[in-house]
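Each chain, letter by letter, is given below.
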Amino acid sequence: MDPERVAAVQSRMPPEADLVDTADIFGLLADPRRLSLLLALLEGEMCVCDLAVVSGLSESATSHALRLLRAHRVVSVRRTGRMAYYRLDDAHVRMLLDLAVAHTEHTDAIHPERDEPPLTGR
């Protein structure tokens with residue numbers, strides 16, 4: 001063990017609450033349906049009905065997903081009458097999505113969890 005290195009890393013580690021909040025963001029991005037909504041918003045602001053068509057979700061499911069993303073400040077909303085227009089909340093979200101997509105495009109992911117046979121009850 002290298003105590004100096006461990007101490008240096010521990011001193012730069014974010015507080016536990018920040019780690020939990022960051023993990024929550026990655027959890028939100030882990031759902032392919034929510035991710036498709038966010039990737040659509042890379043093109044700019046869109047209304048719920050258009051996002052539903054792009055993502056293949058119902059308007060109700062789209063609204064629910066967007067409420068969850070908004071609660072975590074991943075997207076923001078602008079209302080005009082009864083219409084709600086969503087956009088990515090800030091440049092950090094855009095950067096995170098751009099980097100994730102770029103990483104996926106240039107790597108061949110190995111998914112051992114997808115290749116394993118399903119567990120059966122014993």
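None of the values given here were measured: they were computed from a predicted structure. (Residues numbered from 1 in each chain as written. Predicted model: local features only at pLDDT ≥ 70, side-chain atom pairs only at ≥ 80, totals over all residues. Heavy atoms only, no water.)

Participant: I would appreciate a short explanation of the nonpolar core in the present structure.
Facilitator: Nonpolar side chains tend to gather and get buried jointly when the protein is soluble and globular. If you look at the biggest cluster of nonpolar residues, it comprises 21 residues, and the most contacted ones within it are L38, L51 and Y86. Top element by residues in this core is helix α3 (residues 32–41). It accounts for four residues. The residues touching L38, leaving out its near neighbours within four places in the chain, are L29, L69, V74, V75, L88 and L97. (Core = buried A, V, L, I, M, F, W, Y, C linked by side-chain atoms within 4.5 Å. Buried < 20%, exposed > 50% of the residue type's maximum accessible area, 1.4 Å probe, protein only. Helix = DSSP H or I, 4+ residues; strand = E, 2+ residues; numbered from the N terminus. Contact = heavy atoms within 4.5 Å.)

Participant: Just checking my understanding: could you explain the packing of helix α4 (residues 48–55) against helix α5 (residues 59–71) for this structure?
Facilitator: For any two helices packed against each other, the geometry is given by the interaxial angle and the distance between the axes. As a packed pair, α4 and α5 sit with axes 9 Å apart at the nearest point and diverge in direction by 105°. It follows from the interaxial angle that α4 and α5 lie roughly perpendicular. Along its contact with α4, which presents V48, C49, L51, A52 and S55, the element α5 presents E59, T62, S63 and L66. Its residues assigned to classes, the contact of α4 with α5 comprises five nonpolar, three polar and one charged. (Axes fitted to C-alpha atoms, helices over the stretch in contact; angles between N-to-C directions. Parallel < 35°, antiparallel > 145°, perpendicular 65-115°, else oblique. Nonpolar A, V, L, I, M, F, W, Y, C, P; charged D, E, K, R; others polar.)

Participant: Looking at this structure, how should I read helix α6 (residues 91–105)?
Facilitator: Since there are 3.6 residues in each turn of an α-helix, residues three or four apart along the chain are aligned in direction. Relative to the 21 Å expected for 15 residues at 1.5 Å per residue, α6 spans 21 Å between its end C-alpha atoms, a close match to the ideal helical length. Between the side-chain oxygen at the start of α6 and the backbone nitrogen of H92 there is a gap of 3.0 Å, and the oxygen is on D90. (Expected span 1.5 Å × (residues − 1). Polar contact = N/O pair within 3.5 Å; in protein donor to acceptor, adjacent residues only side chain to side chain.)

Participant: Teacher, can you tell me more about the pairing of strand β3 (residues 83–88) here?
Facilitator: Each regular strand shows side chains that alternate between the opposite faces of the sheet. Taken together, the two bridges between strand β1 (residues 46–47) and β3 define a ladder with antiparallel strand orientation. What sits directly across from M46, in β3, is Y86. Bridging between strand β2 (residues 75–80) and β3 involves six bridges; their strand directions are antiparallel. Bridged to S76 within β3 is R87. Counting the residues that bridge the hairpin from β2 to β3 gives two residues, and of these G81 lies at a positive phi of roughly 65°. (Pairing = 2+ DSSP bridges.)

Participant: Hey, could you run me through the packing of α3 against α4 in this one?
Facilitator: It is the contact of α3 with α4, at a shortest axis distance of 9 Å, that shows an interaxial angle of 120°. One element, α3, and the other, α4, form an angle in the oblique class. Here α3 runs over α4; the crossing is right-handed. Seen from α3, the contacting residues are S36, L37, A40 and L41; seen from α4, they are L51, V54 and S55. Along the lines of polarity and charge, the residues of the contact of α3 with α4 split into five nonpolar, two polar and no charged. (Left-handed = near helix turned anticlockwise from the far one by under 90°.)

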